[in-house]
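Listed here are the chains, written in short residue letters.
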Amino acid sequence: MKKTITVFRGDGIGPEITDSVLKVLEAAGAPLEYEMFNVGQKEWETNGKLIPDEAYASFEKNRVLLKAPITTPVGFGFRSLNVTLRTKYDLYANIRPVRSNSAVKTRFENVDVVIFRENTEGMYIGKENMVDEDTAEAIRLTTRKATRRIIRAAFDYAVKNNRRKVTCVHKANILKMTEGMILSEFREIAKEYPQIEADDKIVDATCMQLVIDPTKFDVMVMENLFGDILSDLCSGLIGGLGLVPSSNIGDDYAMFEAVHGSAPDIAGKHLANPTAFLWSACLMLEYLGENECAAKIRRAVDDVLTEGKHLTGDLHGTASTDEYIEAVIAALK
Ligand code: NAI
């Protein structure tokens with residue numbers, strides 16, 4: 001029986017990478033039906049809503065969302081819709097697997113880290129105040145409940161996926177209460193998983209060690225802002241933002257999206273690399289138990305990346321988004 005999922009087409013490169021991914025899903029025989037919605041800036045301009053009520057209702061019914069990137073104004077304007085969706089549906093675990101691939105020559109060949117980013121708290125609660133004309137402050141929230149569940153999610157993932165180690169990335173030397181709580185909870189929860197090695201590292205030292213030798217890391221867990229920054233850093237280690245997918249998982253809902261943004265600089269030019277979004281769709285298929293279909297798509301993408309004849313510009317190729325997608329479809333077997 002086909003499963004129905006909700007799809008948000010997003011802004012910038014969102015619509016073009018959504019069309020690309022749906023073409024591949026169809027060619028791979030994914031047993032899915034789609035309820036598709038325009039969301040974001042364009043929707044705001046035409047219909048006065050960033051996310052239409054029917055789009056929310058569809059996600060609430062289907063509980064699985066494939067979401068293209070959405071533009072957020074920088075330094076002014078509305079709160080990020082991405083952050084809104086993550087908090088509204090309590091999608092507390094933002095899971096970002098970052099793996100080396102054969103298409104891009106980078107300094108390291110065996111990067112294989114999975115970042116668990118706490119998705120509902122930290123600085124992203126958006127509580128900022130002007131104390132006086134020259135002083136602004138932001139509140140950073142850390143609760144024991146959210147801390148425990150993201151740490152447990154990281155360890156459970158490590159057990160389920162035969163990973164050897166979980167590293168807690170923190171700044172408990174300076175932020176004794178918020179980061180201190182994260183570190184002490186990590187050390188406590190680690191005792192429940194004796195088969196998994198547990199270690200902890202200060203965030204600044206972690207950044208330095210990641211660029212020197214990322215192969216020393218495995219599963220990593222951290223609060224929201226550190227996770228945002230470190231996952232982009234890790235994307236750079238394997239060839240860029242076009243190659244990193246993500247799942248946003250809660251107890252009742254799940255949303256799948258690329259790590260990158262709406263890339264307004266290349267929108268509509270057929271230059272976007274849809275791989276990260278395609279791999280996000282594979283994470284979604286696996287979440288839905290459609291492992292074979294996901295594996296088929298992953299094999300096709302690997303073949304096209306390895307062959308290297310149809311790569312997009314961010315991977316130093318000359319293929320358009322469509323040419324790359326046609327090559328992936330041709331490689332499905
Ligand atoms: P960005 O990720 O959109 O772009 C950064 C650079 O990477 C740009 O040069 C872009 O062309 C390139 N790039 C990104 N994705 C690519 C792809 N698939 N193929 C080829 N090149 C790609 O980040 P930026 O410019 O900081 O943000 C643009 C907008 O996206 C902002 O409004 C931001 O708030 C939003 N954003 C949305 C996210 C989401 O919906 N989850 C996540 C990150 C940013």
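These numbers were taken from a predicted model, which means no experiment stands behind them.

What counts and what doesn't
- Residues numbered from 1 in each chain as written.
- Predicted model: local features only at pLDDT ≥ 70, side-chain atom pairs only at ≥ 80, totals over all residues.
- Heavy atoms only, no water.
- Helix = DSSP H or I, 4+ residues; strand = E, 2+ residues; numbered from the N terminus.
- Buried < 20%, exposed > 50% of the residue type's maximum accessible area, 1.4 Å probe, protein only.
- Areas by Shrake-Rupley, 256 points an atom, 1.4 Å probe, with all protein chains shown as cover.
- Lys, Arg positive; Asp, Glu negative; His and termini not counted.
- Charge placed at Lys NZ, Arg CZ, Asp CG, Glu CD.
- Axes fitted to C-alpha atoms, helices over the stretch in contact; angles between N-to-C directions.
- Parallel < 35°, antiparallel > 145°, perpendicular 65-115°, else oblique.
- Left-handed = near helix turned anticlockwise from the far one by under 90°.
- Contact = heavy atoms within 4.5 Å.
- Nonpolar A, V, L, I, M, F, W, Y, C, P; charged D, E, K, R; others polar.
- Arc of directions from axis to C-beta.
- Near = heavy atom within 4 Å.
- Polar contact = N/O pair within 3.5 Å; in protein donor to acceptor, adjacent residues only side chain to side chain.
- Patch = residues over 30% accessible without salt bridge, like charges linked within 9 Å, V, L, I, M, F, W, Y side chains within 5 Å.
- Salt bridge = Lys/Arg side-chain N within 4 Å of Asp/Glu carboxyl O.
- Domains from an automatic or database assignment.
- Buried area = accessible area lost by both parts, 1.4 Å probe.

Below, the discussion takes up the overall build of the protein chain. Helix and strand content of the protein chain: 11 helices and 12 strands. Dimensions of the protein chain along its principal axes, counting C-alpha atoms only, are 55 × 45 × 40 Å. Residues classed as buried in the protein chain amount to 55% of the 333 residues present. Per element, the accessible surface of the protein chain, about 15,200 Å² overall, is 53% carbon and sulfur. Here the protein chain contributes 40 positive and 49 negative side-chain charges, whose respective centroids are spaced 4 Å apart.

All right, on to the packing of helix H1 (residues 14–27) against helix H11 (residues 321–331) then. For the pair H1 and H11, interaxial distance at closest approach is 10 Å and the crossing angle is 15°. As far as their axial angle goes, H11 and H1 are roughly parallel. By crossing handedness, the relation of H1 to H11 is classed as right-handed. On the side of H1, the interface is formed by Glu16, Ser20, Lys23, Val24 and Ala27, while H11 contributes Thr321, Asp322, Ile325, Glu326, Val328 and Ile329. The residue inventory of the contact of H1 with H11, partitioned by class, reads 5 nonpolar, 2 polar and 4 charged.

Let us now look at H11. All of the buried residues in H11 are Thr321, Tyr324, Ile325, Ala327, Val328 and Ala331. The arc that holds the buried residues of H11, viewed along the axis, is 155°, so those residues lie on one side. On its buried face, H11 sits against H1, helix H9 (275–287) and helix H10 (291–307).

So, about the site of the ligand. Surrounding the ligand, one finds 20 residues, the nearest of these being Thr72, Gly261, Ala263, Asp265 and Asn273. Contacts to the ligand include Thr72, whose backbone N or O atom sits 2.7 Å from an oxygen atom. Here an oxygen atom of the ligand sits 2.7 Å away from a polar atom, N or O, in the main chain of Ala263. Taken together, the residues of the shell around the ligand sort by class into 9 nonpolar, 7 polar and 4 charged.

Right, let's get into a nonpolar patch on the surface. Nonpolar side chains collect at one region of the surface, where Met208, Val211 and Ile212 lie side by side and expose about 260 Å² of accessible area between them. As for its placement among the helices and strands, Val211 is situated in helix H7 (residues 203–212).

This part covers the domain arrangement of the protein chain. Domains assigned within the protein chain are domain 1 (1–96 + 251–333) and domain 2 (107–238). If you average the C-alpha positions of domain 1 and of domain 2, the two centres end up 25 Å apart. Across the contact, 12 residues belong to domain 1 and 17 residues belong to domain 2. Taking both partners together, domain 1 and domain 2 bury about 1,300 Å²; carbon and sulfur atoms supply 51% of that area. Three residues stand out in domain 1 for area buried against domain 2, namely Tyr92, Asn94 and Arg96, and they jointly supply 47% of the buried area on that side. At the boundary of domain 1 and domain 2, one finds 1 salt bridge. With a shortest N-O distance of 2.7 Å, Arg149 and Asp90 are connected by a salt bridge.

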